[in-house]
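Report on the structure
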Amino acid sequence: ETGVTQSPTHLIKTRGQQVTLRCSSQSGHNTVSWYQQALGQGPQFIFQYYREEENGRGNFPPRFSGLQFPNYSSELNVNALELDDSALYLCASSHKRGLNQETQYFGPGTRLLVL
Amino acid sequence: TQLLEQSPQFLSIQEGENLTVYCNSSSVFSSLQWYRQEPGEGPVLLVTVVTGGEVKKLKRLTFQFGDARKDSSLHITAAQPGDTGLYLCAGATGNQFYFGTGTSLTVIP
């Protein structure tokens with residue numbers, strides 16, 4: 001059983017650029033959630049994807065978007081990057097059955113720095 | 001809006017001491033998880049509690065879920081330097097997980 005993986009591990013972009021972060025979910029999981037974690041704070045929920053559709057969204061603007069693929073891997077896209085987007089971006093996978101969502105397991109994260 | 005508040009925010013103790021971290025909310029959660037996170041890494045799951053009043057033990061760590069499923073505590077006995085890290089609680093409701101503010105623990109040898 002493979003764990004959650006994310007790529008790249010680190011990324012430097014300039015303000016106004018666009019970025020795509022990738023996540024491979026753990027084997028047997030069908031749900032992927034993305035979080036933004038600023039330095040010294042707890043993770044903030046961005047959105048969740050289940051069966052290739054967005055299944056819940058936190059308080060993030062539309063320039064944060066995502067995709068989930070048939071193999072349950074996922075991408076997070078951020079357009080028009082701002083300095084405040086600098087953070088650790090975490091992906092977590094879990095298995096959802098009906099209304100019940102099982103425990104989520106996190107990847108190592110992608111550290112994004114916007115200059 | 002922070003649904004889960006953790007206290008204390010920072011804690012620095014000597015090796016061998018005991019400590020308790022609290023995770024409080026006015027919301028009811030279907031389950032609650034505790035994670036530990038090292039700098040630059042993703043959170044690592046320690047435990048999941050589901051039933052109100054549930055107590056789980058993981059070696060020197062004891063986790064309790066409040067009767068009303070709104071709060072939780074983590075107690076560490078005889079802390080060791082390896083326990084140093086950021087402790088996060090996270091509550092599940094519907095299709096979202098809400099994380100606490102985190103408790104940064106430093107255990108001094």
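Our structure is the block above this text.
Described in the following lines is the structure provided in the data block. Predicted model only: the values in this text are computed from it and were never measured.

Definitions and cut-offs
- Residues numbered from 1 in each chain as written.
- Chains lettered and ligands numbered in written order.
- Predicted model: local features only at pLDDT ≥ 70, side-chain atom pairs only at ≥ 80, totals over all residues.
- Heavy atoms only, no water.
- Helix = DSSP H or I, 4+ residues; strand = E, 2+ residues; numbered from the N terminus.
- Polar contact = N/O pair within 3.5 Å; in protein donor to acceptor, adjacent residues only side chain to side chain.
- Contact = heavy atoms within 4.5 Å.
- Buried area = accessible area lost by both parts, 1.4 Å probe.
- Salt bridge = Lys/Arg side-chain N within 4 Å of Asp/Glu carboxyl O.
- Nonpolar A, V, L, I, M, F, W, Y, C, P; charged D, E, K, R; others polar.
- Core = buried A, V, L, I, M, F, W, Y, C linked by side-chain atoms within 4.5 Å.
- Buried < 20%, exposed > 50% of the residue type's maximum accessible area, 1.4 Å probe, protein only.

1. Describing the environment of S25 of chain B
Residues and elements named next belong to chain B.
- Examined against the element boundaries, S25 turns out to sit in the loop between β3 (19-24) and β4 (31-37).
- With 75 residues separating them along the chain, S25 and G100 place their C-alpha atoms 9.2 Å apart.
- Here S27 takes part through its backbone nitrogen, which lies 2.9 Å from a polar atom of the side chain of S25.

2. Thoughts on the interface of chain B and chain A
- Contacts between the two partners involve 18 residues from chain B and, on the opposite side, 23 residues from chain A.
- Summed over both sides, the interface of chain B with chain A buries roughly 1500 Å², with 50% coming from carbon and sulfur.
- Across the chain B-chain A interface, the total number found is zero salt bridges.
- Summed over the shared surface of chain B and chain A, the result is three residue pairs in polar contact (both at pLDDT 80 or more).
- Those elements that provide at least two residues to the side of chain B that touches chain A are β4, β5 (44-49), β9 (85-93) and β10 (96-99) of chain B.
- Its residues placed into classes, the side of chain B that touches chain A shows seven nonpolar, ten polar and one charged.

3. Here we look at the nonpolar core
- In terms of nonpolar packing, the biggest core is built from 21 residues, with L19, L32, W34, F63, L74, I76 and L105 of chain B touching the most fellow members.
- Of all the secondary-structure elements, those providing two or more residues to this core are β3, β4, β5, β7 (61-65), β8 (71-76), β9 and β11 (103-108) of chain B.
- Apart from the residues within four sequence positions on either side, L105 of chain B is in contact with L11, I13, L19, I76, D83, T84, G85 and Y87 of chain B.
- Grouped together as the second largest cluster of nonpolar side chains are 19 residues, L21, V32, Y49 and V114 of chain A included.

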